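# Descriptive analysis of the structure
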Amino acid sequence: MHRNTAQGFTIVELLVVLSIIGTIVSAGLASVTITRAKGRDIRRISDAKQIVTALSLHWTTSAQMPCSNTTTSASPDFLQEFVTLGYLPQAPRDPLGGSYVYEYFSFRNPSIGTCGSGGGYVGFYTENDMTECPAGGKLVAPRHCHIFFPGPIACSNPWNNPMLADCVALKP
C-alpha cells in the first residue's frame, strides 16, 4: 500500500488565511479613506480662514464687504476681486472640486444702506461632522459652518436679517 506523504495546506486553511488577509486590508483601506477626508476638511478650514483674512484686508481698506447675495466657489468670479487686489494669490477651490463649495454672503446695514456695509460670512461644508467652527463661527449643521466677518453677529443686532438664525449669542 502506497501512502501519500506530500506536505501542504488544505483548502480550508488557505481560505482562512485569505479571509484574515482580506479583513486586514479592508480595515487599512477604511482608515486611509477617513484620514484623507480629514485632510481635505483641514484644507477647507484653512481656505475659509484665508478668505476671512482677505475679507479683513478688504474691510480695513474700504470699510465694507464686497456686495454679494451668496456667491459660491462654483462661480468663476468667486472672490476674484481679492485676487485682483492681491489679498489672495488665487481663489481657493475645494480639494474635491465641484462636490463642495465655499460660500460668501454680505449683509446690508439699514442705517447706512450700502450693500456689504453690515459685514458678512464665509461658509463651507466638510465631509466629517464638526463639533465647532473655527474662528468663532456658527455651526449651521454638523457639516456646515459660517464664519462671520468682521466678527460674530450678535443676536440683538437689527441688521443681521435675513440670517437671524445664524446670530451668535455673544458673552458680555
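Anything mentioned here points back to the structure above.
From a predicted model like this one, the values you see are computed outputs, not experimental measurements. (Residues numbered from 1 in each chain as written. Predicted model: local features only at pLDDT ≥ 70, side-chain atom pairs only at ≥ 80, totals over all residues. Heavy atoms only, no water.)

Summarising the element assignment, glutamine 80 is placed in helix H2 (residues 80–84). Sequence-wise, glutamine 80 and alanine 91 are 11 residues apart; in three dimensions their C-alpha atoms are separated by 6.5 Å. (Helix = DSSP H or I, 4+ residues; strand = E, 2+ residues; numbered from the N terminus.)

Right, let's talk about the pattern of salt bridges for a bit. Taken as a whole and assessed by the stated rule, the structure comprises 5 salt bridges. Between glutamate 127 and arginine 40 there is a salt bridge; the shortest N-O distance is 2.6 Å. In this pair, glutamate 127 is assigned in the loop between strand E3 (115–125) and strand E4 (138–141) and arginine 40 in helix H1 (residues 11–62), connecting sequence segments 87 residues apart. Comparing glutamate 127 with arginine 40, the two get one shared label, buried. The salt bridge involving aspartate 41 is made with arginine 44; its shortest N-O contact spans 2.7 Å. On the criterion of helical spacing, the pair formed by aspartate 41 and arginine 44 is a turn pair, its members being 3 residues apart in helix H1. The burial state of aspartate 41 is the same as that of arginine 44; both residues are buried. One network of salt bridges, in which partners are shared, links Arg40, Asp41, Arg44 and Glu127. (Salt bridge = Lys/Arg side-chain N within 4 Å of Asp/Glu carboxyl O. Buried < 20%, exposed > 50% of the residue type's maximum accessible area, 1.4 Å probe, protein only.)

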